[in-house]
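Here's the letter readout for the chains.
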Amino acid sequence: MKPLRSCLEFGLRFVGATLAMAVLLLGAPLLDTVSERYEPATAPPVQELHARVGVTLRRGDTLLSVLTHHGLERSLAHTLIERIAPFVNPRKLRSGDNIQLIVDPRDKSVQGMEVVLQDNLLRVKSTSEGWSAERHEIPSVRESAIKRGSITDSLYENGIKAGLTAQQILDLAGVFEYEIDFFSDFQPGDAFAAVVEETRYADGRRTPGRILAAELEANSKPVSAFYFVPRGQRGTYYDEQGHSLRRAFLRAPLSYARISSTFTGARRHPIFRTVRPHRAIDYAAPTGTPVVAIGRGRVEFAGRRAGYGNLVEIRHSNDFSSRYGHFSRIGQGIRRGSQVDAGDVIGYVGQTGHATGPHLHFEFLKRDQKINFLGLDLPKIERLNGADFERFVEFRNQQLAALRNGGRDTAMGIRLE
Ligand SMILES: [Zn+2]
């Protein structure tokens, strides 16, 4: 962050005029370019006999070492640190963080310090009664900006070029996890656009926020997502129709069944009579009972595999997959590469492979590790309706217009909630 220091210095110096700046900032049209410097209409009051020295903490620096290095007596440095402790944990100041030392220009003695904490400025000054600490709020506005690009190398590289942060790119991949296979679905020339939230502070800093809306065109298939907060619930991403994109899984892959064996680290195997882990759930059900895919996905395997007997394996996302074993027969049209939706019949209960009676052997995998499906707190399939849906449609249309027609980096000042 190259401009941070100059911005900091500027912001700190004129913090006395924050009110004027707030008016300036909020009254001005939301700019589409970054203003590194705000030029106040009137010069800020100069009542300072002090100078400031900007210090960027380096690896191994502590606040104590910085203060004593600049000549502050150790005991005074300790009391200063005690004074700021209620506002900021001095240990949380890390290499790369900036502080401003307030010094007497005549002898360079440390008279105080200032540090910016997200949306506050903390200032400690020497007074006749010792150190006094005060906190000032730094005015800020929340804006949104559009970042767009096309894939020539990877979503990551092109995302960074388009001005997204690494975190935002990860979020974007997470939002579309169930829609797009980020390893294979992208082709050179595919495009993306995202409306991202930013907080702009009066001292010129901008901190990136969440992705409000995004559209990806992968494999010539456009998919979009919109961040929305239903009344009384937590916000999440929805598709254009208002379906939650946190693609859910069904509670179970078949109905009218009884769980005959749950996920366990150790159980006596009914055939081999040895104690071995059973990292699966067995559902006892009559032969021929239809078994459904627990979620949308792509069939990765459909056929015979040793102890599993007739097996179907489905990949739901980069992270999740599921396996269904001992089928008497595999469902119609279920073969490697087929797309399935939650609830599609993929096979019928049987006892092929190592099984003592008809049951479904069900495994759920996260990053190829078998995990306990029953212990998962999975999102329910949900769809917006009523007043939430009406609000959603309004938000969606606004965002779509921005994504599709908006210029580069247009700031729109959209507020959530
Ligand atoms: Zn089993």
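Residues numbered from 1 in each chain as written. Predicted model: local features only at pLDDT ≥ 70, side-chain atom pairs only at ≥ 80, totals over all residues. Heavy atoms only, no water.

**Q** Can you tell me about helix H6 (residues 166-175), naming the residues and giving the values?
**A** For H6, the complete set of buried residues consists of Gln168, Ile169, Leu172 and Val175. Buried residues of H6, seen end-on, are gathered within an arc of 120° and therefore sit on one face of the element. Structurally, H6 contributes buried residues whose contacts are with helix H5 (155-161), strand E7 (191-201), strand E8 (206-218), strand E9 (221-228) and strand E10 (236-238). (Buried < 20%, exposed > 50% of the residue type's maximum accessible area, 1.4 Å probe, protein only. Helix = DSSP H or I, 4+ residues; strand = E, 2+ residues; numbered from the N terminus. Arc of directions from axis to C-beta. Contact = heavy atoms within 4.5 Å.)

**Q** For the coordination of the zinc ion, give the residues involved together with the corresponding values.
**A** Surrounding the zinc ion are the protein donor atoms His278 (NE2), Asp282 (OD), Asp282 (OD) and His361 (ND1), at 2.0 to 2.7 Å. Coordination at the zinc ion is irregular, judged from the four donor atoms that bind it and the angles of 53 to 158° they form at the metal. (Donors = N, O, S within 2.8 Å, 3.2 Å for Na, K, Ca; no water. Tetrahedral: all angles 85-135°; square planar, octahedral: opposite > 155°, others 65-115°.)

**Q** I'd like a rundown of the sheet that holds strand E1 (residues 51-56), residues and numbers included.
**A** The antiparallel open sheet is built from five strands, whose spatial order is E1-E2-E3-E4-E5. The open sheet has two edge strands, E1 and strand E5 (130-137), and neither has a second partner. For this sheet the average axis-to-axis angle between neighbouring strands, irrespective of direction, equals 20°. Here six bridges tie E1 to strand E2 (residues 98-103), and the two strands are oriented antiparallel to one another. When the sheet's bridge partners are listed, Arg52 is paired in E2 with Ile102. Each of strand E3 (110-117), strand E4 (120-127) and E5 touches helix H4 (residues 74-84); the most contacted strand, E5, lies at about 35° to it. (Pairing = 2+ DSSP bridges. Axes fitted to C-alpha atoms, helices over the stretch in contact; angles between N-to-C directions.)

**Q** Explain unusual backbone geometry to me, and be specific about the residues and the numbers.
**A** At Lys108, a position not held by glycine, the phi torsion is positive, near 65°. Mapped onto the elements, Lys108 comes out in the loop between E2 and E3. In the Ramachandran plot, His326 falls in the positive-phi region, its phi being about 70° despite a non-glycine side chain. Given the relative accessible area of 4%, His326 is considered buried.

**Q** If you had to explain the sheet that holds strand E15 (residues 290-292) to someone new, which residues and values would you point to?
**A** Spatial strand order, E15-E21-E19: three strands in an open sheet with antiparallel pairing. Two strands bound the open sheet, and with one partner strand each, they are E15 and strand E19 (329-330). Pairing of E15 with strand E21 (residues 345-348) involves three bridges; the strand directions are antiparallel. Of the residues in E21, the one forming a bridge with Pro290 is Tyr348.

**Q** Give a description of H4 that names residues and reports values.
**A** Among the residues of H4, Ala77, Leu80, Ile81 and Ile84 are the ones counted as buried. For H4, the buried positions fall inside an angular range of 100° around the axis, keeping them on one side. Tucked inside the fold, the buried residues of H4 contact helix H3 (63-69), E3, E4 and E5.

**Q** Could you give an account of the packing of aromatic side chains, naming the residues involved and the relevant values?
**A** Aromatic ring pairs are reported here in terms of the distance separating the ring centres and the angle at which the planes meet. One pass over the structure, following the stated rule, counts eleven aromatic pairs. Note on Tyr227 and Tyr237: the rings are 5.2 Å apart at their centroids and 65° apart in plane angle, and the pair reads as edge-to-face. Note that Tyr227 is positioned in strand E9 and Tyr237 in strand E10, a separation of ten residues in sequence. Assessed through its relative accessible area of 9%, Tyr227 is described here as buried. Seen from their ring centres, Phe364 and Phe373 are 4.9 Å apart, and the 55° between their planes marks the pair as tilted. With relative accessibility at 5%, the residue Phe373 sits in the buried group. Taken together, the ring pairs connect Tyr283, Phe320, Tyr324, Phe362, Phe364 and Phe373 into an aromatic cluster. (Phe/Tyr/Trp six-rings, centres within 6.5 Å; stacked < 30°, edge-to-face > 60°.)

**Q** I'd like to hear about the environment of Pro286, residue by residue, with values.
**A** Residue placement: Pro286 occurs in the loop between strand E14 (281-284) and E15. Expressed as a C-alpha distance, the spacing of Pro286 and Gln351, which sit 65 residues apart in the sequence, is 9.9 Å. Here Pro286 is in contact with Val349 and Pro358, once residues within four sequence places are set aside.

**Q** Describe the pattern of salt bridges, with residues and values.
**A** Pairing between side chains becomes possible if they bear opposite charge and their charged atoms approach one another. Evaluated as defined, the whole model comprises 21 salt bridges. Ionic pairing is found between Glu197 and Arg142, a salt bridge with its closest N-O pair at 2.4 Å. Pair noted here: Glu197 is in strand E7 and Arg142 is in strand E6 (residues 140-150), with a separation of 55 residues, a long-range link. Look at Arg142 and you get partly exposed, because its relative accessible area is 28%. (Salt bridge = Lys/Arg side-chain N within 4 Å of Asp/Glu carboxyl O.)

**Q** Provide a residue-level description of the confidence of the model for the protein, including the pertinent values.
**A** Per-chain confidence: the protein averages 80 in pLDDT, with 78% of residues scoring 70 or above. Below pLDDT 50 for its whole length, residues 1-47 participates in 63 contacts with residues either more than four positions away or in separate chains. Low pLDDT (under 50) marks residues 407-417, which in the prediction has 35 contacts with non-local residues, meaning those over four places away or in another chain. (pLDDT = per-residue confidence, 0-100.)

**Q** Now, about the environment of Asp368: what can you tell me, with residues and values included?
**A** As for its placement among the helices and strands, Asp368 is situated in the loop between strand E22 (359-366) and strand E23 (369-371). Assessed through its relative accessible area of 54%, Asp368 is described here as exposed. Expressed as a C-alpha distance, the spacing of Asp368 and Asn318, which sit 50 residues apart in the sequence, is 9.8 Å. For Asp368, the side chain forms a polar contact with the side chain of Arg315, separated by 3.3 Å. (Polar contact = N/O pair within 3.5 Å; in protein donor to acceptor, adjacent residues only side chain to side chain.)

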